[in-house]
Amino acid sequence: KADCTRLLLLSVSAATPTEEMNGAGNLMDFLDEPFPDVSTYEDFHTIDWLREKSRDTDRHRKITSKSKESLWELIKSLLDAWSGWVVMLLIGLLSGTLAGVIDLAVDWMTDLKEGVCLSAFWYSHEQCCWTSNETTFDDRDKCPQWQKWAELMTGHAEGAGAYVLNYFLYILWALLFSFLAVSLVRVFAPYACGSGIPEIKTILSGFIIRGYLGKWTLLIKTVTLVLAVSSGLSLGKEGPLVHVACCCGNLFCSLFSKYSKNEGKRREVLSAAAAAGVSVAFGAPIGGVLFSLEEVSYYFPLKTLWRSFFAALVAAFTLRSINPFGNSRLVLFYVEYHTPWYMAELVPFILLGVFGGLWGTLFIRANIAWCRRRKTTQLGKYPVLEVIAVTGITALLAYPNPYTRRSTSELISELFNDCGALESSQLCDYVNNPNMSRPVDDIPDRPAGPGVYNALWQLTLALIFKIVITIFTFGMKIPSGLFIPSMMAYHHHDWIIFKNWCRPGADCVTPGLYAMVGAAACLGGVTRMTVSLVVIMFELTGGLEYIVPLMAAAVTSKWVADAFGKEGIYESHILLNGYPYLDVRDEFTHRTLATDVMRPRRNDPPLAVLTQDSTTVEDVETLIKDTDYNGFPVVVSRESERLIGFVQRRDLTLAIKNARQKQDGVVSSSVVYFTEDAPQLPASNPQPLKLRRILNLSPFTVTDHTPMETVVDIFRKLGLRQCLVTRSGRLLGIITKKDVLRHMAQMMNQDPESIMFN
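All figures in this text were calculated on a predicted structure; none of them were measured in a lab.

The rules behind these values
- Residues numbered from 1 in each chain as written.
- Predicted model: local features only at pLDDT ≥ 70, side-chain atom pairs only at ≥ 80, totals over all residues.
- Heavy atoms only, no water.
- Helix = DSSP H or I, 4+ residues; strand = E, 2+ residues; numbered from the N terminus.
- Buried < 20%, exposed > 50% of the residue type's maximum accessible area, 1.4 Å probe, protein only.
- Lys, Arg positive; Asp, Glu negative; His and termini not counted.
- Salt bridge = Lys/Arg side-chain N within 4 Å of Asp/Glu carboxyl O.
- Contact = heavy atoms within 4.5 Å.
- Pairing = 2+ DSSP bridges.
- Axes fitted to C-alpha atoms, helices over the stretch in contact; angles between N-to-C directions.
- Core = buried A, V, L, I, M, F, W, Y, C linked by side-chain atoms within 4.5 Å.
- Disulfide = S-S within 2.5 Å.
- UniProt positions renumbered as here; feature names shortened; annotations may be inferred.
- Expected span 1.5 Å × (residues − 1).
- Patch = residues over 30% accessible without salt bridge, like charges linked within 9 Å, V, L, I, M, F, W, Y side chains within 5 Å.
- Areas by Shrake-Rupley, 256 points an atom, 1.4 Å probe, with all protein chains shown as cover.
- Phe/Tyr/Trp six-rings, centres within 6.5 Å; stacked < 30°, edge-to-face > 60°.
- Lys NZ or Arg CZ within 6 Å of the ring centre and 35° of its normal.
- Polar contact = N/O pair within 3.5 Å; in protein donor to acceptor, adjacent residues only side chain to side chain.

1. Here's the deal with the side chain of D48
Line of reasoning, step 1. Its location among the elements puts D48 in the loop between α1 (2-6) and α2 (49-66).
Line of reasoning, step 2. The side chain of D48 sits in the buried core without any salt bridge; R51 is the nearest counter-charge, 5.7 Å away.
Line of reasoning, step 3. Residue contacts for D48: discarding those within four places in its chain leaves Y41, Q648, G719, R721 and Q722.

2. Describing the pairing of strand β5 (residues 631-635)
Line of reasoning, step 1. Counting buried positions along β5 gives five out of five residues, so the element sits mostly inside the fold.
Line of reasoning, step 2. Burial of β5 is two-sided: the residues G631, P633 and V635 facing one way and the residues F632 and V634 facing the other way are all buried.
Line of reasoning, step 3. Taken together, the two bridges between strand β3 (residues 610-611) and β5 define a ladder with parallel strand orientation. Within the sheet, the bridge partner assigned to L610 lies in β5 and is V634.
Line of reasoning, step 4. Across five bridges, the pairing between β5 and strand β6 (residues 643-648) is antiparallel.

3. Focus: the environment of R55
Line of reasoning, step 1. With respect to the helices and strands, the residue R55 is situated in helix α2.
Line of reasoning, step 2. Sequence separation between R55 and N262 is 207 residues, and the spatial gap between their C-alpha atoms is 7.9 Å.

4. A few points about the sheet that holds strand β4 (residues 615-616)
Line of reasoning, step 1. Spatially, β4-β7-β8 is the arrangement adopted by the three strands of the open sheet, whose pairing is mixed. Looking along the sheet, the strands with just one partner apiece sit at the ends: β4 and β8 (689-690).

5. Some details on the sheet that holds β3
Line of reasoning, step 1. One open sheet holds the three strands; their spatial order is β3-β5-β6, and the pairing between them is mixed. Here the strands that pair on one side only, and so sit at the sheet edges, are β3 and β6.
Line of reasoning, step 2. Running over the sheet, helix α25 (residues 649-662) touches β3, β5 and β6 and is turned about 75° from β6.

6. Considerations on the nonpolar core
Line of reasoning, step 1. With 121 residues, the main nonpolar core has I478 and I735 as its most contacted residues.
Line of reasoning, step 2. If we ignore the near neighbours within four places in the chain, the residues touching I735 are A594, V597, M598, M708, V711, F715, Q722, C723, V725 and V740.

7. Overview of the state of the cysteines
Line of reasoning, step 1. Enumeration according to the criterion identifies two disulfides in this entry.
Line of reasoning, step 2. The partner cysteine of C117 in its disulfide is C128, sulfur to sulfur 2.1 Å. The S-S bond linking C117 to C128 shows a torsion near 75°; that makes this disulfide right-handed. In this pair, C117 is assigned in strand β1 (residues 115-117) and C128 in helix α4 (residues 125-130), connecting sequence segments 11 residues apart.

8. Points about the pattern of salt bridges
Line of reasoning, step 1. With the rule as written, the count across this model stands at 22 salt bridges.
Line of reasoning, step 2. Notably, a salt bridge pairs R59 with D80, separated by 2.9 Å at the nearest N-O pair. Taken as a pair, R59 in helix α2 and D80 in helix α3 (residues 71-112) lie far apart in primary sequence, 21 residues in all.
Line of reasoning, step 3. A salt bridge links D704 to R727, with the nearest nitrogen and oxygen atoms 2.6 Å apart. With a gap of 23 residues between them, D704 in the loop between β9 (701-703) and α26 (708-718) and R727 in strand β10 (residues 722-727) connect regions that are remote in the sequence.
Line of reasoning, step 4. Using a relative accessible area of 47% as the deciding quantity, one classes R727 as partly exposed.
Line of reasoning, step 5. Bridged by salt links that share partners, the residues D56, R59 and D80 form one connected network.

9. Looking at the UniProt feature "transmembrane region" (unreviewed entry) in the protein
Line of reasoning, step 1. The UniProt record annotates "transmembrane region" (unreviewed entry) at residues 82-106, 167-189, 209-229, 241-257, 269-293, 346-370 and 455-478.
Line of reasoning, step 2. Its end C-alpha atoms 36 Å apart, residues 82-106 is made of 100% helix and 0% strand.
Line of reasoning, step 3. Helix and strand shares over residues 241-257 are 82% and 0% respectively, and the end C-alpha atoms of the span are 26 Å apart.

10. Considering the pairing of strand β11 (residues 730-736)
Line of reasoning, step 1. The element β11 is largely enclosed, with a buried count of five among its seven residues.
Line of reasoning, step 2. Two strands pair when backbone bridges link them, and β10 and β11 are joined in this way by six bridges, in the antiparallel orientation. When the sheet's bridge partners are listed, L724 is paired in β11 with I734.
Line of reasoning, step 3. In this structure, the hairpin formed by β10 and β11 is closed by a connection of two residues, where S728 is found at a positive phi of approximately 55°.

11. Quick notes on unusual backbone geometry
Line of reasoning, step 1. Of note, the amide linkage connecting R599 to P600 takes the cis form, showing an omega dihedral of 5°.
Line of reasoning, step 2. Within the fold, P600 resides in the loop between α23 (594-597) and β3.
Line of reasoning, step 3. Although it is not a glycine, S728 sits at a positive phi angle of roughly 55°.
Line of reasoning, step 4. Counting through the fold element by element, S728 comes out in the loop between β10 and β11.
Line of reasoning, step 5. Judged by its relative accessible area of 64%, S728 is exposed.

12. Overview of the environment of M708
Line of reasoning, step 1. Structurally, M708 is set in helix α26.
Line of reasoning, step 2. C-alpha separation for the pair M708 and H590, spaced 118 residues apart in sequence, amounts to 7.8 Å.
Line of reasoning, step 3. With sequence-adjacent residues up to four places away left out, M708 is seen in contact with F588, T592, L593, A594, V597, I735, V740 and H743.

13. Quick look at helix α13 (residues 302-322)
Line of reasoning, step 1. Between the first and last C-alpha of α13 there are 31 Å, a value that for 21 residues agrees with the 30 Å anticipated at 1.5 Å per step.
Line of reasoning, step 2. All of the buried residues in α13 are T304, R307, S308, A311, A312, V314, A315, A316, T318 and L319.
Line of reasoning, step 3. Buried residues belonging to α13 abut α3, α10 (257-260), α11 (263-282) and α12 (285-296).
Line of reasoning, step 4. Count one or two residues on from α13 and you reach N323, which has phi positive near 50°.

14. Section: helix α6 (residues 160-188)
Line of reasoning, step 1. Between its terminal C-alpha atoms α6 stretches 42 Å, which fits the 42 Å expected from 29 residues at 1.5 Å a residue.
Line of reasoning, step 2. Taken residue by residue, α6 has A162, N166, Y167, L169, Y170, I171, A174, F177, S178, A181, V182 and V185 as its buried positions.
Line of reasoning, step 3. Next to the buried residues of α6 lie α3, β2 (146-148), α5 (149-154), α8 (215-230), α15 (383-398) and α16 (402-405).

15. Topic: a nonpolar patch on the surface
Line of reasoning, step 1. There is a patch of nonpolar side chains on the surface, built from L71, W72, L74, I75, L78, L79, W82 and V86 and spanning about 840 Å² of accessible area.
Line of reasoning, step 2. Take W82: it is sitting in helix α3.

16. A look at the packing of aromatic side chains
Line of reasoning, step 1. Evaluation of the coordinates by the stated rule reveals 21 aromatic pairs.
Line of reasoning, step 2. Note on Y163 and Y167: the rings are 5.9 Å apart at their centroids and 75° apart in plane angle, and the pair reads as edge-to-face. A residue pair is termed a helical-turn pair when its members lie 3 or 4 positions apart in one helix, as Y163 and Y167 do in helix α6 at four residues.
Line of reasoning, step 3. Judged by centre distance (5.7 Å) and plane angle (10°), the rings of F188 and W216 are stacked. With F188 in helix α6 and W216 in helix α8, this pair connects stretches of sequence that are 28 residues apart.
Line of reasoning, step 4. Taken together, W108, F121, W122 and Y123 form an aromatic cluster joined through their ring pairs.
Line of reasoning, step 5. Sitting over the face of the ring of W85, R307 holds its NZ or CZ atom 5.5 Å from the ring centroid.
Line of reasoning, step 6. Sitting over the ring of Y399, R405 keeps its end group 4.2 Å from the ring centre.

17. Some thoughts on the side chain of D704
Line of reasoning, step 1. On the accessibility criterion, D704 (4% relative accessible area) is buried.
Line of reasoning, step 2. A distance of 3.3 Å separates a polar atom in the side chain of D704 from a polar atom in the side chain of H705.
Line of reasoning, step 3. When sequence neighbours within four positions are dropped, the list of residues in contact with D704 reads L593, A594, T595, V725, T726, R727 and L732.

Spelled out as structure tokens, the structure:
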């Protein structure tokens, strides 16, 4: 393997004739000084994990041996060892800071649609009324410093005219925000749209998408995420925050050659960055680490686990220091429950899981059908018009209902919170009978008031509206995360089934707990997350007591959803976009062999190969020009077809290009040698080119009778880019990752041509 890696470190040396071989000039061998772009990959190609791992092992061995030579080299080796932790620190600081800025900006711009603070226009509604001495308990949201637009413009706060004007301006602000968001994405950073998680999963599996984690994408995603969420569209900022954190990780990777020059090491950093993103999105550092491990990462060694934990910790600490919500919490909807749950409640919890699984299946199928229609019809040509139309419909229907008018985080916060004496929500409008002997704040035995019934039908309408509109919103050309559909329960403590386990005067059912379990079930049904989802929800509540209800709902939702299809929303979008993602959770049980999948197939032209000592520079350049393969097998001769090794297309191109520039005598008729010792040539022959050092002498091979089940497993676990098929050492064909994916699609009666990339 060390030999295999050294071959990849292409370099060029100037030709200095030191020895004559029967009149021939000296042979050029590439390993003296590296030149740019060696061993890198082209856009939309897959990396070779074994090659990257081997290169890093060689680099580490070289640093270790040099560290014994001098004190300076020892210091350099220590700096190299600590560079990973420095990168994690920087990622945590920047992602936490950006999350805090996004939260503050969203809070202000969401309120800007309804009114403005006269004392300081940059204050949100809540911040504006914090300092007011004229607020009352009943009208805590009203203060003279905050005025709605109608009151500011006409002087009238109430009445039909004021309502219509506020309604109109609400829609106008929403359209302006969404138009700015989609325009910025379209003009400056097309990769800033969507949630980003499907692409990040694909990138972490070894795929190259240049620019997806670039500086422009980071800047535009951050700005447009604020605009998109503030517009009132049915989307969240959780998924896009993972993309933002990964952009931060990619940015800091460029500062250290250890990560910038090794795509495998870069992906270890990106895995940790994804954990930091979830940490600041949900205020759940441990859940973030588990999310990265369970959901997005392809290769997750133990040291990446530790570094992910550190990055998530720093990110959460940074966000807590900013304190964007003023409640010393990382998220707006953090809650604490102290009421125990009862065994009989497992039945409704499991029913919530069933509902979540069914909802997840419905959402995935409807959303993918709509996104496919967008890709295959004229609709996809007008992304700006689509965003404007959906925003207009959303704002028009959302304003009349107070539960859809407010932001997603505020809605979830109200549904999660338990009723208490200080709550002003309609959901806590219980009849207060002055003749009751119990204190006023003893809610459980009080009958529901009109506000509760009013809130119930408004929430029902809100649920239906959110279910429908989210299907059309997710996947548009703006940053969009998944909204967590939440549900609420209602006090029925006087039912006969509750008589035995409800103590008089005590909370029998905690509605906020049902909302939280319902949210977990729905999110689990859509994404198929289990362990990380339960831990995230547990960190949101701060209590171990509700682990069992959450586990029951999450597992049930996954079982129900898996009964209709194994792919979650992110995997479905990966399939829709044709990314070459080989999911480790997919099972391959078909009884096919490597010979059934390898190329060339019957009636195909023969495999493009190079010979070890009879191919000219012109032959190589013609082969590169006429084909688009990523590499070529090298054989002893075309007659024997005995395999010698494998050479990458990009390395071959760069080697010849640099040889022509830096050494006289290399012409089109020069013979390319991949052998250890070149034969003696007549003086009249053109100078040969020795390229053995760029040859991979240990390419991965399988025999033609290897079961495809084994081949698929090898590609998954070793992250191969391609493997060669031989019989008794004789080359028969090649299997690429794309061939494996196409074969798997064919076996599942899907279109094999849907796998579009290399």
